[in-house]
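Residue-level listing of the chains:
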Amino acid sequence: MILRRPVLTTVATALLATAAAAPATAATQLPGSVDIGCAADTLHQTADWYLPTGTPRALVWVQHGFARSDAQVGALARSFADAGYLVFTPSLPFIQISGCTLQNLGDNSGFLNHVADLFGTAHDPGGALAASLATAASRAGLPAPALPRDLIFLGHSAGGEAVTFVADRIRSTYPDAWSGLRGVILLDPVKSFVGDNIARALSGLDPTGLPILTISAPPALCNSFGLGTLAVQSQLHRPFVGVRLHGGAHTDAEGDSSDLLGTLFCGTPAPVNSAALRTLALGWSDDFVTGTAGSAELQARDLVSNGLAADLLPGS
């Protein structure tokens, strides 16, 4: 699709105006940490919480990508909190002597199983996730909101593979938490060079009907030439699995939170693409919570018909 510049300008103006309309101070960011099992040890990882005003609509886990941290998804996390969601953004290792890493460098399944435990035991009195939130809120002199039962997972880059794996682990291990998982959004997901975590997880999730959608950039070095998106399209037997943004960068999900390392190696996110990503991710998440996930394709088609340069992605 070739778009004329006036159309692109109109779309960009509309998306950026929508993004700017969110209240700048609605959310409260709480620095903190979370304990995650690692082999016979426990990792004490940095983790930020973003509190909305009022009762949270759902708990959103936003996972950063390879060699990144929670800081790089801060802008995205804040946009979700501004929209009424309680957001959790842990920093997970990309190098660790026991193999407890975000991406698979050998076999990180044991570590990701422990990450799944956070959500599977979220409503246990001694659960690590509830303890993390309570401690962060207490340090800020604020009451901790109750953890919502509705869950939404977002993962960028290698974080996309991780949240998919964790979702499938919850499906097989934690029926109560599984009943509250409303959807998964993958932001230019990257398949690890080792193993088949994302393919196996998607295969396990496909028959359940759980909404799984991707917002991807064109194939490039930083997204392993689109292999993660290819896994989504090949493993999900659905007519629509997401969009690919023309001219998108791997850092689109990071937006204003990206840094020199991200932009130097993986491109500078165009404001219109970051805004489109947030618009779709928030719109789809709203639908997950309200039970109208069937409108995901309609939302994407609406943006494209109004000039957004993107392809609609079918499943297999």
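Since we're looking at a predicted model, the values are computed, not measured.

### Notes on the packing of helix H5 (residues 158–173) against helix H7 (residues 197–205)
The packing of two helices is summarised by the inter-axis angle and the distance between the axes. As a packed pair, H5 and H7 sit with axes 8 Å apart at the nearest point and diverge in direction by 40 degrees. The orientation of H5 with respect to H7, classified from their angle, is oblique. H5 and H7 meet at a crossing whose hand is left-handed. Contacts from Glu161, Thr164, Phe165, Ala167, Asp168 and Arg171 of H5 reach H7 at Asn197, Ile198, Arg200, Ala201, Leu202, Gly204 and Leu205.

### Focus: helix H2 (residues 74–82)
Of all nine residues that make up H2, seven are buried, and the element is covered over most of its length. When we look at burial in H2, the residues that qualify are Gly74, Leu76, Ala77, Ser79, Phe80, Ala81 and Asp82. Elements that come into contact with the buried residues of H2 comprise strand E2 (41–51), strand E3 (59–63), strand E4 (86–90), strand E5 (151–156), strand E6 (181–187) and helix H10 (271–290). Following H2 by one or two positions, glycine 84 adopts a phi angle in the positive range, close to 105 degrees.

### Observations regarding the pairing of E5
Of all six residues in E5, six are buried; the element is thus mostly enclosed. Residues Leu151, Phe153 and Gly155 point to one face of E5 and Ile152, Leu154 and His156 to the other, with burial holding for every one of them. Judged from the five bridges that link them, E3 and E5 form a sheet pairing that is parallel. By the bridge assignment for E5, glutamine 63 is matched with glycine 155. Relative to E6, E5 is paired through six bridges, and the arrangement is parallel. The partner of isoleucine 152 across the bridge, within E6, is glycine 183.

### Brief notes about the environment of phenylalanine 165
For phenylalanine 165, the position within the fold is in helix H5. Along the chain, phenylalanine 165 and arginine 200 lie 35 residues apart, while their C-alpha atoms are 8.1 Å from each other. Once residues within four sequence positions are removed from consideration, phenylalanine 165 is found in contact with Ser109, Leu112, Asn113, Asn197, Arg200 and Ala201.

### A few points about the state of the cysteines
Scanning the model with the defined rule gives two disulfides in all. Here cysteine 38 is linked by a disulfide to cysteine 100, with a sulfur-sulfur distance of 2.1 Å. When the S-S torsion is 95 degrees, as for the bridge of cysteine 38 with cysteine 100, the disulfide is right-handed. Here the residue cysteine 38 occupies a position in strand E1 (residues 28–38), and cysteine 100 occupies one in the loop between E4 and helix H3 (109–120), the gap between them amounting to 62 residues. Owing to a relative accessible area of 3%, cysteine 100 belongs among the buried residues under this scheme. Two residues, cysteine 222 and cysteine 266, share a disulfide whose sulfurs are 1.9 Å apart. Sign of the S-S torsion, about -80 degrees for the bond between cysteine 222 and cysteine 266, identifies this disulfide as left-handed. Taken as a pair, cysteine 222 in the loop between strand E7 (212–216) and helix H8 (227–235) and cysteine 266 in helix H9 (residues 260–266) lie far apart in primary sequence, 44 residues in all. When its relative accessible area of 22% is taken as the criterion, cysteine 222 is described as partly exposed. With its bonded cysteines labelled in order along the sequence, the protein shows the pairing 1-2, 3-4.

### Some details on the nonpolar core
Membership of the largest hydrophobic core comes to 51 residues, with the highest contact counts inside it found for Trp49, Phe88, Phe119 and Phe153. For this core, the element with the highest residue contribution is H5, accounting for seven residues. Once residues within four sequence positions are removed from consideration, phenylalanine 119 is found in contact with Leu59, Trp61, Phe88, Leu129, Leu151, Phe153, Val166, Ile170 and Ala177.

### Regarding the sheet that holds E6
Consider a sheet: its strands pair through backbone hydrogen bonds, and that pairing is either parallel or antiparallel. Taken together, nine strands build an open sheet; the order of strands is E1-E2-E4-E3-E5-E6-E7-E8-E9 and the sheet is mixed. Sheet topology places E1 and strand E9 (310–313) at the edges, where each strand pairs with a single neighbour. Here the strands of the sheet are splayed against their neighbours by 20 degrees on average, with no regard to which way each runs. Both E3 and E4 contribute to a ladder of three bridges, which runs parallel. Across the sheet, the residue bridging to tryptophan 61 is phenylalanine 88, located in E4. This element, H2, spans E1, E2, E3, E4, E5 and E6 of the sheet and lies at about 55 degrees to E2.

### Here's the deal with the environment of leucine 181
With respect to the helices, strands and loops of the structure, leucine 181 is situated in strand E6. For the pair leucine 181 and alanine 275, spaced 94 residues apart in the sequence, the C-alpha separation amounts to 25 Å. Ignoring anything within four residues of it in the chain, the contact list for leucine 181 reads Leu151, Phe153, Ala167 and Leu210.

Calculation rules
Residues numbered from 1 in each chain as written. Predicted model: local features only at pLDDT ≥ 70, side-chain atom pairs only at ≥ 80, totals over all residues. Heavy atoms only, no water. Axes fitted to C-alpha atoms, helices over the stretch in contact; angles between N-to-C directions. Helix = DSSP H or I, 4+ residues; strand = E, 2+ residues; numbered from the N terminus. Parallel < 35°, antiparallel > 145°, perpendicular 65-115°, else oblique. Left-handed = near helix turned anticlockwise from the far one by under 90°. Contact = heavy atoms within 4.5 Å. Buried < 20%, exposed > 50% of the residue type's maximum accessible area, 1.4 Å probe, protein only. Pairing = 2+ DSSP bridges. Disulfide = S-S within 2.5 Å. Core = buried A, V, L, I, M, F, W, Y, C linked by side-chain atoms within 4.5 Å.

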